[in-house]
Amino acid sequence: MKSAFIGLGGMGQGMAANLQAAGLLSAVYNRTHEKAEAFAREHDVKAVRTPAETLAEAEIIVICVSADDDVLAMVDEIADQLTDRHVVIDCSTVASDTAREAARRVARNGAGFVDAPVSGGTEGAKNGTLSIMVGADDAVFERVMPVLDAMGAKITHMGGVGTGQATKAVNQILCAGINQAVCEGLRFGAALDLPLDKVVDVVGSGAAGNWFVNHRGKTMVQDIFEPGFKLKHHHKDLGICLHMAELNGGTLPLSAKTREEYARLMEQGHGDEDISALYRLRSDLFQKD
Ligand code: NAP
């Protein structure tokens, strides 16, 4: 079984490298071709110039691009040349409706589709320790399991197409709340003049411990917000969550507040920073002379 990878961003670089290490990768495509060339040189695979060229190289096509329209654009680029020997796996974070639409478009030529959004950050992508939430028919899921296994440590089949993305929406709501709590808590610790590295180590090992404080706590308190997870992407994800909540007759107050705050940061030019840049907006909580 051979796979090809479309989208060598912060996540795709690590995920594709793990596919290559498992002997499963044959080609890569990236919109900015130089990135694909650099990856190909480093990992000894083929860099192709169009998404459709991946189809001759592999049966499983993994996509990891930014947002809904980008995924559908990539699907449209390959749709005409797909056959029933192909399966498309989308690891981007998009709406469940987008996953179902992508599945419809690839099914016209008999290809399978899997929505497989991931969690675990760029570190998880690099180390192959992602948690992957999968929406797919049973038979298709079984077929692509070796590819998912090469990229993640926990692979969970949630149900049919779209359920992976619905589960990822739950994940993104949790991430919003965790980001809020960590930024507020660490600003409080700073105002008390506590040694913040020690604070992160000790609280990160107890009941308040979580991935975000452990991986971003020490950098955010030094005003380092290198991605990681770009806040413009989490802004996009929370838009999806709020839309889904509305369709189900509900609201998500903490997600709405977090999304508004990301929008403010994006206006200030911080959209490509890590979501921990929310810490910037907490500087006015404690006014010290
Ligand atoms: P990123 O670093 O911004 O990279 C985005 C990738 O998508 C780049 O390869 C980019 O190509 C490509 N792309 C964007 N629009 C495109 C289009 N219209 N056509 C073709 N290619 C396009 O993003 P990332 O952090 O890797 O995230 C990718 C996806 O994973 C997003 O949906 C994000 O929400 C999700 N995710 C991210 C994290 C994280 O911690 N970073 C964690 C879980 C899930 P260029 O190089 O040409 O710009």
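Analysis parameters
Residues numbered from 1 in each chain as written. Predicted model: local features only at pLDDT ≥ 70, side-chain atom pairs only at ≥ 80, totals over all residues. Heavy atoms only, no water. Phe/Tyr/Trp six-rings, centres within 6.5 Å; stacked < 30°, edge-to-face > 60°. Helix = DSSP H or I, 4+ residues; strand = E, 2+ residues; numbered from the N terminus. Buried < 20%, exposed > 50% of the residue type's maximum accessible area, 1.4 Å probe, protein only. Lys NZ or Arg CZ within 6 Å of the ring centre and 35° of its normal. Pairing = 2+ DSSP bridges. Right-handed = clockwise from strand over helix to strand, strands pointing away. Expected span 1.5 Å × (residues − 1). Domains from an automatic or database assignment. Contact = heavy atoms within 4.5 Å. Buried area = accessible area lost by both parts, 1.4 Å probe. Salt bridge = Lys/Arg side-chain N within 4 Å of Asp/Glu carboxyl O. Polar contact = N/O pair within 3.5 Å; in protein donor to acceptor, adjacent residues only side chain to side chain. Near = heavy atom within 4 Å. Areas by Shrake-Rupley, 256 points an atom, 1.4 Å probe, with all protein chains shown as cover. Patch = residues over 30% accessible without salt bridge, like charges linked within 9 Å, V, L, I, M, F, W, Y side chains within 5 Å. Arc of directions from axis to C-beta.

Engineer: I would appreciate a short explanation of the packing of aromatic side chains in the present structure.
Structural biologist: For the structure shown, the criterion picks out one aromatic pair. Judged by centre distance (6.0 Å) and plane angle (50°), the rings of Phe188 and Phe286 are tilted. With Phe188 in helix α7 (residues 163-191) and Phe286 in the segment after α11 (253-267), the pair connects residues that are 98 residues apart, well separated along the chain. Residue classification places Phe188 among the partly exposed positions, given a relative accessible area of 45%. Over the face of the ring belonging to Tyr279 we find Arg187, whose NZ or CZ atom lies 3.7 Å from the ring centre.

Engineer: What should I look at first to understand the pairing of strand β5 (residues 87-90) in this one?
Structural biologist: Put simply, side chains in a regular strand alternate between the two faces of the sheet. Across the two faces of β5 the burial is the same, with Val87 and Ile89 and Val88 and Asp90 all buried. Relative to β5, strand β4 (residues 60-63) runs parallel, the two being bridged by four bridges. Within the sheet, the bridge partner assigned to Ile61 lies in β5 and is Val88. The parallel pair β4 and β5, bridged by helix α3 (residues 68-79), forms a crossover whose chirality is right-handed. Of the strand pairs in this sheet, β5 and strand β6 (residues 112-115) are connected by four bridges, and their pairing is parallel. Within the sheet, the bridge partner assigned to Val87 lies in β6 and is Gly112. With respect to chirality, the unit in which β5 leads through helix α4 (residues 96-107) into the neighbouring parallel β6 is right-handed.

Engineer: What should I look at first to understand helix α1 (residues 10-21) in this one?
Structural biologist: Residues spaced three or four apart along an α-helix face the same direction, because each turn holds 3.6 residues. Over its twelve residues, α1 runs 18 Å from end to end, which matches the ideal 16 Å to within 8%, given 1.5 Å per residue. Within the sequence span of α1, burial applies to Gly12, Gly14, Met15, Ala16, Ala17, Asn18 and Leu19. Positive backbone phi, at 75°, marks Gly23, one or two positions downstream of α1.

Engineer: Would you mind going over the domain arrangement of the protein chain with me for this structure?
Structural biologist: Accessible area lost on assembly of the parts is the figure often given for the size of an interface. Split by domain assignment, the protein chain resolves into domain 1 (3-159) and domain 2 (166-282). Taking the mean C-alpha position of each, domain 1 and domain 2 sit 27 Å from one another. Facing 16 residues of domain 1, the contacting portion of domain 2 comprises 13 residues. When the two sides are added together, the surface that domain 1 and domain 2 hide from each other amounts to roughly 1100 Å², 56% of it contributed by carbon and sulfur. Together, Thr93, Glu123 and Met133 form the three largest contributors to the area buried by domain 1 at its contact with domain 2, with a combined 36%. Scanning the region where domain 1 abuts domain 2 turns up one salt bridge. Linking Glu123 and Arg216 is a salt bridge whose minimum nitrogen-to-oxygen distance equals 2.6 Å. Linking domain 1 with domain 2 are six residue pairs in polar contact (both at pLDDT 80 or more).

Engineer: Where do I start with the site of the ligand in this structure?
Structural biologist: For the ligand, the set of nearby residues contains 26 residues, the closest of which are Asn30, Thr32, Lys35, Ser66 and Lys230. One nitrogen or oxygen atom from the main chain of Ser66 is found 2.7 Å from an oxygen atom belonging to the ligand. In the environment of the ligand, an oxygen atom lies 3.2 Å from a nitrogen or oxygen atom belonging to the side chain of His233. With the chains in place, 90% of the 910 Å² that the ligand exposes on its own is no longer accessible. Going through the elements one at a time, α1, α3, α5 (121-127) and α10 (231-247) are the ones with two or more residues in the shell around the ligand. The biggest single contributor to the shell around the ligand is α10, with three residues. Counting only domains with at least three residues in the shell around the ligand, you end up with domain 1 (3-159) and domain 2 (166-282).

Engineer: I keep staring at a nonpolar patch on the surface and nothing clicks. Help me out?
Structural biologist: On the surface, a cluster of nonpolar side chains totalling about 450 Å² of accessible area is made up of Phe188, Leu192, Leu194, Leu285 and Phe286. Relative to the assigned elements, Leu192 resides in the loop between α7 and α8 (196-203). You can call Leu192 partly exposed: its relative accessible area is 48%.

Engineer: Even after reading the chapter, I still don't get α11, so can you show me in this structure?
Structural biologist: Here α11 contains 15 residues, and its C-alpha end-to-end distance of 21 Å stays within 8% of the 21 Å for a straight helix at 1.5 Å per residue. Three or more residues of α11 are buried, namely Ser255, Thr258, Glu261, Tyr262 and Leu265. When α11 is viewed along its axis, its buried side chains cluster within an angular range of 130° and face the same direction. Structural note: α11 exposes Pro253, Glu260 and Glu267 on the side pointing more than 90 degrees away from its buried face. Contact partners of the buried residues in α11: α7 and α10. Two residues or fewer after α11 comes Gly269, characterised by a positive phi angle close to 90°.

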